[in-house]
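Summary of structural features
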Protein chains: 2
Amino acid sequence: MTASGTNRDSGTAGGTWTAAWELLLPAAGAPARGRGRALQSALRDAVRSGRLTAGTRLPSSRELALDLGVSRGLVTEAYEQLTAEGYLRSGRGAGTWVSEAVRSAAPPRARDLAPRGPGALVDFRAGTPDLSLFPRTTWAAAHRSALDGLPHRALGYPDPRGLPELRTALAGLLGRRRGVAADPERIVVCSGVAQALTLVAQVLRGRGLSQVAVEDPGSPEHGALFEAAGLTASPVPLDDEGPSLSSLERSGARLVVTTPAHQFPTGMAVTPARRAGLLAWARAVDGYVVEDDYDGDFRYDRAPVGALQGLDPERVIYTGSVSKSLAPGLRLGWLAAPSALAAELAGRKRTTDLGNAALDQAALAEMVTSGAYDRQLRRCGRAYRERRDVLVAELEEHFPGTRISGIAAGLHIIARLPERYGPEPGFLARARRAGVELRSLADYRTGQESAVPPDAAELSGGRGAVHLVLGYAHLAPSAIAHGVRLLAHAVRTSSP
Amino acid sequence: MTASGTNRDSGTAGGTWTAAWELLLPAAGAPARGRGRALQSALRDAVRSGRLTAGTRLPSSRELALDLGVSRGLVTEAYEQLTAEGYLRSGRGAGTWVSEAVRSAAPPRARDLAPRGPGALVDFRAGTPDLSLFPRTTWAAAHRSALDGLPHRALGYPDPRGLPELRTALAGLLGRRRGVAADPERIVVCSGVAQALTLVAQVLRGRGLSQVAVEDPGSPEHGALFEAAGLTASPVPLDDEGPSLSSLERSGARLVVTTPAHQFPTGMAVTPARRAGLLAWARAVDGYVVEDDYDGDFRYDRAPVGALQGLDPERVIYTGSVSKSLAPGLRLGWLAAPSALAAELAGRKRTTDLGNAALDQAALAEMVTSGAYDRQLRRCGRAYRERRDVLVAELEEHFPGTRISGIAAGLHIIARLPERYGPEPGFLARARRAGVELRSLADYRTGQESAVPPDAAELSGGRGAVHLVLGYAHLAPSAIAHGVRLLAHAVRTSSP
């Protein structure tokens, strides 16, 4: 603010701008080294914001330099730069004008896309693991080791299918833990199950499919995800064995997404007969089954049921991720593809994003081969089993008569509270008022019809029952107990 | 192999299997703890591979346990597990059969999807930075610091637009270095420019667009990328100012992808008039310009020309990445979106992959805010400028009369060798035989017509000229010199 304070009147049209140049130049007092860039930036902002309007003639470089007490070269350079960029234009003779081409950004709207922060006292919504169990030290060590060990070329554009080391490690892991018939050449590393489903949908849409059958109840995300990929999602209700085969046949779809190891959200395991039925259906329609093995690593009463994919690797596309075992924020998952689809899926992955980030892949490969990943699964499994036990015990104590349906697995349960706690809308309102966030099974309905979910059918005592989907994995045992007690208190004391 | 070696004949149909069970059970000698799992795994493999065919009746658990010298419980458990998974089925009475549902994977095909490894002595193909300049120590420190500093919840499902800290850091960086009118609320962090283009194409296809105009010559990837996203790419030839406006108007497209700071591959800077013309076109057709600022950070003769986006943030979608400044293997990029598209682009990013990995985002934010990213850009800029100078000097010495076209920027040059080195096919064949990998400008043609690229038009001495696209950034100065000399030697000594 030194020389610009002299306010010298140059005797031209530029003179009327003298005061404005001061505003334009908070940079005049900047260190000499950054002054040129500051001047350019200030001019750009002035044009963009409309403080300098289109068609305005700028003072000559000599005049402006005098006004601002900077060197003329600095001004000339700024004019040249902004002319090259299109903010200013030079006339046929001498002279520099503000360009007519410039438009400013529209003002930001209030709307916020960010996910809502946690407002509730206890949040039983399912889907997130305990993020405090993420093994930061182990991951950091694996990452550092990967960074030290990777050759330079591994930092270049990746194999779109994923780092060979990781695909080999995953083939071993999935074969060993989940009974997947995995060949590293047919594994595609991706950003998680959502991306895997998108890739599958896009490839099969390219082969003429227009529909995908989804479980009802099932993931509420499927509708939007498949719509974005160009497929219509047709809900297929569950019966007491799994996705209804007759509905599947009627749907006309040639692709079904299913969660056979632990159906989401009902928690049932698809029966052996229905597993065979799904495969027979896929062969009959020349279609595919997508097996979303979202929490297949966590079973507490026995060894997890192996993957459906192992029964027919040419008809089942298997997919999973580290979202439940490590953290969703890593955005790292995989699919094991039938040989007829592997190349196209890899090609789609390539056109989508050219492949996953190399370092995280190398770090995960390191964790899998060192055994650290198995240790992490055991650690999470122990914690989640304890939490499930606490939740079940608390429900039994505070909501006597509650029935827990589904197998002892995963990160959530389905609880059916006795009729005296219903009807459901009133219960949910009271829970909300008590600061307990939870979801009803009805929130996972993907279809319009009122098909009754399997365990509900078996257990239902009438329309008054309250069916809750309660996620427990992300909550400490004390928080689980607290949440159930808050609920019990709310039910006792508040009116619906 | 202890008890199974007794080869006891149980006196039933199982007896014919006795030898087979030995083959099935490399696990009988396994430590007792892992024996159950090994048995299950071996049975699964036997069914899958067809060694146990569909409909085969298995021996009773008692018989098999005796045969194998393991406890009966182990066998019962294995039968139960494989029945639940669908490999085996139980009959109505007693008995266990191999299921008819199982199919094995098709044998792997010889075809390999992996990118070809470097076979050439010197590889002048453009597109990759010097991966040895990746600042491993700095990145590791930033990653570690990010890991230490991130709250647990940042490891959960991310904001699909990207980590707020990174979007804020990028808005500052892009505004400061590239003149981008950036608002953190309108930045979407993505996996790189390829994904940004895919997201844009998908969103605009959803709004009824069916075409996208691309520069010709231009990126050879555009055709497949946009086809995968459902748009037809219409090549627009360049004239001596930039993409031809009359061709653009004739194309009927309402979306154009351009590289105004340093056109790829010709190296020209789009003129100020054409920049304004592109914006006027976008407004007239109610369309959009995608500005791919792929190497806008590297200009060696003057400050880089600022981004086109700054002139009209509501008509230009700006995109860039760390692929040239850090490493393509990080798969980390961004786009700055007009307000009318920001929410939809973020929504598409969400349905595509739910967002980028959190830790890498935090590490990049850390590098940007600490100034380490600017230092990296300066470091690369110095190295690449030196390499460009070496390449130009070597070409002048060994291929006198060669004209370098395009501005002094980026990671590659266009070199037009005098006619005496042509015609081009013979030159390229000799280069290949000499172990020098390179591309002709003709390889970047995206259209069918024989439009002459701008500098070529200016410089062309006839059809015999050799037009090369030479990437230099990834090569040490000595390798550059070696490559040019190899070429010169090949031209002197070998027949075409």
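Keep in mind that this is a model prediction, so the values were computed, not measured.

Focus: helix H14 (residues 424-433) of chain B
Residues and elements named next belong to chain B. Counting buried positions along H14 yields 7 of 10 residues, so the element is predominantly enclosed. Of the residues making up H14, those classed as buried are Glu-424, Gly-426, Phe-427, Leu-428, Ala-429, Arg-430 and Ala-431. Buried residues in H14 make contact with strand S13 (412-417), strand S14 (436-437), strand S15 (439-440), strand S16 (466-471) and helix H16 (477-493). At the C-terminal side of H14, Gly-435 shows a positive phi close to 85°.

What to know about the environment of A:Tyr79
Residues and elements named next belong to chain A. Structurally, the position occupied by Tyr-79 is in helix H4 (residues 72-85). What makes Tyr-79 buried here is its relative accessible area of 6%. Taking C-alpha positions, Tyr-79 is 8.7 Å from Arg-89, a pair spaced 10 residues apart along the chain. Excluding residues that lie within four positions of it along the chain, Tyr-79 makes contacts with Leu-43, Leu-58, Pro-59, Ser-60, Ser-61, Leu-64, Leu-88 and Thr-96.

What about the relation of the copies chain A and chain B?
Mapping between the two chain copies consists of a rotation about an axis together with a translation along that axis. Between chain A and chain B, which share one sequence, the superposing operator has a rotation angle of 180° and an axial displacement of 0.0 Å; the RMSD is 0.1 Å. Each copy turns onto its partner about a two-fold axis. Counting the interface residues of chain A, we find that 100% of their copies in chain B are interface residues as well, pointing to one common contact surface.

Considering the domain arrangement of chain A
Where the parts come together, the accessible area they lose is often given as the size of the interface. All names here are of chain A. Per the domain assignment, the segments making up chain A are domain 1 (3-98), domain 2 (134-375) and domain 3 (377-493). One C-alpha centre belongs to domain 2, the other to domain 3; they are set 28 Å apart. In this assembly, 34 residues from domain 2 lie in contact with 30 residues from domain 3. Between domain 2 and domain 3 the total buried area reaches about 2700 Å² when both faces are included, carbon and sulfur atoms providing 63% of it. The tally of links from domain 2 across to domain 3 stands at 1 salt bridge. On inspection of domain 2 and its partner domain 3, the count reaches 16 residue pairs in polar contact (both at pLDDT 80 or more). Among the secondary structure elements, those contributing two or more residues to the side of domain 2 that touches domain 3 are strand S6 (211-216), strand S7 (232-237) and helix H13 (372-398). Each residue belonging to the side of domain 2 that touches domain 3 can be placed in one class, and the counts come to 16 nonpolar, 6 polar and 12 charged.

Considerations on a positive patch on the surface
A contiguous patch of positive charge on the surface is contributed by A:Arg33, A:Arg37, B:Arg375, B:Arg378, B:Arg379 and B:Arg382. Sorting the residues of the positive patch by element identifies helix H2 (32-49) of chain A together with helix H13 (372-398) of chain B as the ones contributing at least two each. Per-element tally for the positive patch: the top contributor is H13(B), with 4 residues. Along the chain, B:Arg382 falls in helix H13. On the accessibility criterion, B:Arg382 (57% relative accessible area) is exposed.

Examining the environment of B:Glu366
All names here are of chain B. On the secondary structure map, Glu-366 appears in helix H12 (residues 358-370). Separated by 105 residues in sequence, Glu-366 and Gly-471 place their C-alpha atoms 30 Å apart. If near-sequence neighbours (up to four positions away) are discounted, Glu-366 is found in contact with Ala-142 and Ser-145.

Quick notes on the interface of chain A and chain B
Each side of the interface is counted separately: chain A has 100 residues, and chain B has 100 residues. Carbon and sulfur atoms supply 54% of the area that chain A and chain B bury against each other, a total of about 7900 Å² over both sides. Counting across the interface, chain A meets chain B through 2 salt bridges. Between A:Glu221 and B:Arg350 there is a salt bridge, with the nearest N and O atoms lying 3.3 Å from each other. On inspection of chain A and its partner chain B, the count reaches 41 residue pairs in polar contact (both at pLDDT 80 or more). Elements represented by at least two residues in the side of chain A that touches chain B include exactly H2, H4, helix H5 (136-149), helix H7 (193-206), helix H8 (222-228), helix H10 (272-284), helix H11 (339-353) and helix H12 (358-370) of chain A. Of the residues contributing to the side of chain A that touches chain B, the split by class is 46 nonpolar, 24 polar and 30 charged.

A word on the environment of A:Ala46
Along the chain, the position of A:Ala46 falls in helix H2. In this structure the C-alpha to C-alpha distance between A:Ala46 and A:Ser71, which are 25 residues apart in sequence, comes to 20 Å.

A closer look at the sheet that holds strand S10 (residues 316-321) of chain A
Residues and elements named next belong to chain A. Spatial strand order, S5-S11-S10-S9-S8-S6-S7: 7 strands in an open sheet with mixed pairing. Unpaired on one side and paired on the other, strand S5 (187-190) and S7 mark the two borders of the sheet. Neighbour to neighbour, the strand axes of the sheet diverge by 25° on average, direction disregarded. Inspection of the sheet shows strand S8 (residues 255-258) paired to strand S9 (residues 288-292) by 4 bridges, in the parallel sense. Looking across to S9, one finds that Leu-255 is bridged to Tyr-288.

Cut-offs and rules
- Residues numbered from 1 in each chain as written.
- Chains lettered and ligands numbered in written order.
- Predicted model: local features only at pLDDT ≥ 70, side-chain atom pairs only at ≥ 80, totals over all residues.
- Heavy atoms only, no water.
- Buried < 20%, exposed > 50% of the residue type's maximum accessible area, 1.4 Å probe, protein only.
- Helix = DSSP H or I, 4+ residues; strand = E, 2+ residues; numbered from the N terminus.
- Contact = heavy atoms within 4.5 Å.
- Least-squares fit on C-alpha atoms with pLDDT ≥ 70 in both.
- Domains from an automatic or database assignment.
- Buried area = accessible area lost by both parts, 1.4 Å probe.
- Salt bridge = Lys/Arg side-chain N within 4 Å of Asp/Glu carboxyl O.
- Polar contact = N/O pair within 3.5 Å; in protein donor to acceptor, adjacent residues only side chain to side chain.
- Nonpolar A, V, L, I, M, F, W, Y, C, P; charged D, E, K, R; others polar.
- Patch = residues over 30% accessible without salt bridge, like charges linked within 9 Å, V, L, I, M, F, W, Y side chains within 5 Å.
- Areas by Shrake-Rupley, 256 points an atom, 1.4 Å probe, with all protein chains shown as cover.
- Lys, Arg positive; Asp, Glu negative; His and termini not counted.
- Charge placed at Lys NZ, Arg CZ, Asp CG, Glu CD.
- Pairing = 2+ DSSP bridges.
- Axes fitted to C-alpha atoms, helices over the stretch in contact; angles between N-to-C directions.

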